[in-house]
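Each chain, written out:
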Amino acid sequence: MKYTSQAFEKLAEPLRQELKRHCYSMLGSVHEAEDLVQETFLRAWRSFDGFEGRGSLRAWLYQIATNACLNALAARKNAQRLLPDQRAPASTRMPDGKPSTEITWLEPYPDSNLQGMVDDTPDPAARYASAEVVRLAFAAVIQQLPPRQRAALLLCDVVGWSAVETAALLGGSTASINSALQRARETLAKRFPQGLPPAAPATTSVQQALLHRYVQAWEGMDLASFVALLKEDAHYTMPPVSQWYAGRQAIGAFFEWAWKAYGSFRLIPTAANRQPAFAAYSRAGAQAPWMAHSIHVLTLEEDRIAALTLFVKPTGPQLFQAFGLPLTSTSL
């Protein structure tokens, strides 16, 4: 039977968003994930006549996507995309103004890419739901795993497949998959000894008020109000700048120094990695256009900010397009 492109699209398209999420977890990049999903669909379409409905289309697409990701990682100079606090100790000095562009950093993942997924928890055997997998801290730890361990963990503990099924997809023995899976779980256990904290969407009135005060502090460039929103042991990272800061005092010292270079800010609410997020624009003067500055991703704990990551230029502006936002605006 000759399958048409329309028939393939009807069967495969509902799986696009979960495959993109899977590729993001493998690669740490929203842009690379998009490219690899496109490659996956192209390869699958070209081979669709040979597939002829044997087995699961979903498993077949995951096999193509995972192998495409493993090939992409093998071709990279570095298979990891990390955050600055995974690479070096916290800094007490101000940045030198030279971003580490030679390092490929972890990117945020727009929540809009999670819309339209057929099922957020596709298999009861899965240990983690997508709300946990895409959270920034989890995505960063996943990137520390060697590629094959990364694939085994994602296929078994996120997609929900057995070691036997995963071995059939990735090749190799069931024992090798179990071994890779065990080592991957040990790495996660070191980072999350109490298990992953429950997802905490900013839906409570206390957290909504916190986010409102965050916007006010940034747009008013009110340092004291901003610092008061942070936990005492909060972390602040800002890829592609390699320096990062730990603790309310150190973070406050950085922003006291950094904000002097800007005239004003506007923050636009968005959502990334199933966490509260904002797109920040800056301008030098009242008549100047607003310029894309950074994507903010916040981790909240009760009524305080526990972690703050700003994906700043030159990384930030490239990501604005992924969030469907303009790079410049004359009115916000």
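Anything mentioned here points back to the structure above.
On a predicted model such as this, the values are computed, not experimentally measured, just so you know. (Residues numbered from 1 in each chain as written. Predicted model: local features only at pLDDT ≥ 70, side-chain atom pairs only at ≥ 80, totals over all residues. Heavy atoms only, no water.)

K.L.:
Would you explain the overall build of the protein chain in this entry?
P.N.:
Helix and strand counts for the protein chain come out as 14 helices and seven strands. Relative to the globule expectation of 20 Å for 332 residues, the C-alpha radius of gyration of the protein chain, 21 Å, shows essentially globular dimensions. C-alpha atoms of the protein chain, sized along the principal axes, occupy 65 × 45 × 40 Å. In the protein chain, 68% of the contacts between residues at least 6 apart in sequence involve partners at least 24 apart. In the protein chain, the 32 positive side-chain charges and the 29 negative ones have mean positions that sit 4 Å from each other. (Helix = DSSP H or I, 4+ residues; strand = E, 2+ residues; numbered from the N terminus. Rg over C-alpha atoms; globule rule 2.2 N^0.38 Å. Contact = heavy atoms within 4.5 Å. Lys, Arg positive; Asp, Glu negative; His and termini not counted. Charge placed at Lys NZ, Arg CZ, Asp CG, Glu CD.)

K.L.:
Honestly, helix α7 (residues 136-143) in this entry has me stumped. Any pointers?
P.N.:
One turn of the α-helix equals 3.6 residues, which is why residues spaced by three or four share an orientation. Counting buried residues in α7 gives seven out of eight residues, a clear majority hidden from the surface. Listed as buried for α7 are Leu136, Phe138, Ala139, Ala140, Val141, Ile142 and Gln143. (Buried < 20%, exposed > 50% of the residue type's maximum accessible area, 1.4 Å probe, protein only.)

K.L.:
Honestly, the layout of surface pockets in this entry has me stumped. Any pointers?
P.N.:
Gaps left between atoms show up when a probe the size of a water molecule is rolled over them. By volume, the second largest pocket is sized at about 400 Å³. Together, 23 residues line the second largest pocket, and Val241, Phe254, Tyr262, His293 and Val312 are the ones closest to its centre. Residue classes in the lining of the second largest pocket are distributed as 17 nonpolar, three polar and three charged. (1 Å grid on protein atoms, 1.4 Å probe; cavity = no way out; pocket = protein on both sides within 12 Å on 5 of 7 lines; lining within 4 Å. Points joined across faces, edges and corners; volume = space filled by probe spheres on them. Nonpolar A, V, L, I, M, F, W, Y, C, P; charged D, E, K, R; others polar.)

K.L.:
Sorry, what's going on with the environment of Asn78 here?
P.N.:
By the element assignment, Asn78 lies in the loop between α5 (57-75) and α6 (130-133). A relative accessible area of 34% places Asn78 in the partly exposed class. Within the structure, the side chain of Asn78 is placed 2.9 Å from the backbone nitrogen of Gln80, a separation counted as a polar contact. (Polar contact = N/O pair within 3.5 Å; in protein donor to acceptor, adjacent residues only side chain to side chain.)

K.L.:
I keep staring at the side chain of Asn113 and nothing clicks. Help me out?
P.N.:
Of note, Asn113 is situated in the loop between α5 and α6. Residue Asn113 is classed as buried on the basis of its relative accessible area of 11%. With residues near it in sequence (within four places) discarded, Asn113 still touches Gln17, Lys20 and Val30.

K.L.:
What's the story with α5 in this structure? I'm lost.
P.N.:
A rise of 1.5 Å per residue sets the reference length of α5, with its 19 residues, at 27 Å; its end C-alpha atoms lie 27 Å apart and thus fit the reference within 8%. Two or three places before Arg58, at the start of α5, stands the capping residue Ser56, its side-chain oxygen 3.2 Å from that residue's backbone nitrogen. (Expected span 1.5 Å × (residues − 1).)

K.L.:
Would you mind going over the nonpolar core with me for this structure?
P.N.:
Generally speaking, nonpolar side chains in soluble globular proteins are found buried as a group. Formed by 76 residues in total, the largest nonpolar core has its most connected members in Leu19, Cys23, Met26, Phe138, Leu188 and Ile295. Look past the residues within four positions of Met26 in its chain and what remains in contact with it is Cys69, Leu70, Leu73, Gln143, Pro147, Arg150, Ala151 and Leu154. Among the nonpolar cores identified, the runner-up in size contains 30 residues, and Val227, Phe265, Leu298 and Leu300 belong to it. (Core = buried A, V, L, I, M, F, W, Y, C linked by side-chain atoms within 4.5 Å.)

K.L.:
For this particular structure, what's the right way to read the pairing of strand β4 (residues 275-283)?
P.N.:
In the case of a regular strand, side chains alternate between the two sheet surfaces. Across the nine residues that make up β4, a large majority, nine, are buried. For strand β3 (residues 264-272) and β4, the ladder comprises nine bridges, and the chain directions are antiparallel. Following the sheet pairing, Pro269 is matched in β4 by Phe278. Where β3 folds back on β4, the antiparallel hairpin that results is connected by two residues, among which Asn273 adopts a positive phi of roughly 55°. Summarising the sheet, β4 and strand β5 (residues 290-301) pair through six bridges and their orientation is antiparallel. Bridge pairing in β5 places Phe278 opposite His296. (Pairing = 2+ DSSP bridges.)

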